[in-house]
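Topology and contacts: notes
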Amino acid sequence: MRFDFTDLRLFVQVTQTGSITRGAERTHLALASASARIRGMEELLGVPLLKRGRRGVEPTDAGRSLLDHARIVLQQIETMRGDLGSYSRGLKGSIRILANTSALSEHLPSLLATFLADNPTIDIDLEDRESPAIGAAIAAGDADLGIGSQAASLPGLESHPFRTDRLVLAVPAGHRLAGKRQTGFAELLDLDFVGLPRGTALDEHLAMQAARLGRSLRLRVRVNSLDTVCAMVAAGVGVGIVPAATALRHRRALPLATLRLTEPWSIRELALYVRDSARLPKPARRLFESLRKSGERPATSAAGGALRRPRARRPGSSPANTR
């Protein structure tokens, strides 16, 4: 039985995306070549590895077994490369990180910019995911590091405090709510909203909170970044829910007002997830240590005061907010 590393990487990407086409793109293969490799693996094993349907593909029982082994082999290869690379000109490698919208937009850019400047031979693959999906992906070995709600960490994962993050309502400076200090989410559902693209972590989080009230957000426009949300809100298009740090940055230059949300889910304790920090490849371990140390330093709230640090999660605890 002979599979090469490209076969294994392809199979992992196909199962992650549910699509041979997207799996081929992520592995930098032509679709015809990727399809031929999958068929060759199935012929070699004598069993189907994928169930093919109108909505994509999913692994068979044999495919799930292969997926488990492929992840182990690929992780061991990355660890070996990291260990051996440290004996050459420096650490080399690629680190895959999953983060929720707030962490990706507000907390990670400066930290990752500093890390990349200090480590020019290390690359980072960063993706926006909702917190529960991040915990599941880290547990499955689909990424090296994750940052999301501390409450979404799963048993068996390491969970390290990272940031306390608050969501606030942003309204135009002349809006009827601009003079208030706080508001309930249910009071906002008749207003026009400026939102993020479908599938982003914050968009899914807000849609779920509205659905719990039997409602949906009235989205006037979707834009591709939190910065653009604030710009559109300031221009009077609608209101928006954004991290407090985002609103604070833009209040200095735009006619915006912000209100706290009274719901407990508007305050999230962000954590750094990892499956086993001691077994990370050296490039990922270096970034892990950098992010973990940044989580030990005091953070500043949108109001200018110190934010309390999330506590390390104890086994068996079940915090309320998981997004």
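This report concerns the structure included in the present document. Values in this document were obtained by computation on a predicted structure and should not be read as measured data.

Description of empty space enclosed by the protein
This model, assessed by the stated rule, comprises two cavities of 30 Å³ or more. In terms of lining, the largest cavity is formed by Phe193, Val194, Gly195, Leu196, Leu202, Asp203, Leu206, Leu217, Leu219, Val229, Gly240 and Ile241. Every element with two or more residues in the lining of the largest cavity is listed here: β8 (192-195), α7 (201-212) and β10 (240-243). A breakdown of the residues in the lining of the largest cavity according to their chemical character gives nine nonpolar, two polar and one charged. Top element by residues in the lining of the second largest cavity is α7. It accounts for three residues. When grouped by side-chain class, the residues that make up the lining of the second largest cavity number four nonpolar, four polar and two charged.

Concerning the environment of Asp192
With respect to the helices and strands, the residue Asp192 is situated in strand β8. Sequence-wise, Asp192 and Val239 are 47 residues apart; in three dimensions their C-alpha atoms are separated by 6.3 Å. For Asp192, the contacting residues outside a window of four places in its chain are Arg218, Arg220, Val237, Gly238 and Val239. Side-chain polar atoms of Asp192 contact the side chain of Arg218, separated by 3.1 Å.

Quick word on the pairing of strand β6 (residues 158-172)
Of all the 15 residues making up β6, twelve are buried; the element is thus mostly covered by neighbouring parts of the structure. When β6 meets strand β12 (residues 267-274), the two strands line up antiparallel, connected through eight bridges. Looking at β12, one finds that Ser159 is bridged to Tyr273. The pairing of β6 with β10 spans four bridges and is classified as antiparallel. Within β10, the position partnered with Val168 by the bridge is Val242. For β6 and strand β11 (residues 256-261), the ladder comprises five bridges, and the chain directions are antiparallel. Bridge pairing in β11 links Val171 to Ala257.

Reading the values: rules and limits
- Residues numbered from 1 in each chain as written.
- Predicted model: local features only at pLDDT ≥ 70, side-chain atom pairs only at ≥ 80, totals over all residues.
- Heavy atoms only, no water.
- 1 Å grid on protein atoms, 1.4 Å probe; cavity = no way out; pocket = protein on both sides within 12 Å on 5 of 7 lines; lining within 4 Å.
- Points joined across faces, edges and corners; volume = space filled by probe spheres on them.
- Helix = DSSP H or I, 4+ residues; strand = E, 2+ residues; numbered from the N terminus.
- Nonpolar A, V, L, I, M, F, W, Y, C, P; charged D, E, K, R; others polar.
- Contact = heavy atoms within 4.5 Å.
- Polar contact = N/O pair within 3.5 Å; in protein donor to acceptor, adjacent residues only side chain to side chain.
- Buried < 20%, exposed > 50% of the residue type's maximum accessible area, 1.4 Å probe, protein only.
- Pairing = 2+ DSSP bridges.

Read these as layout, nothing more, since geometry by itself doesn't imply function.
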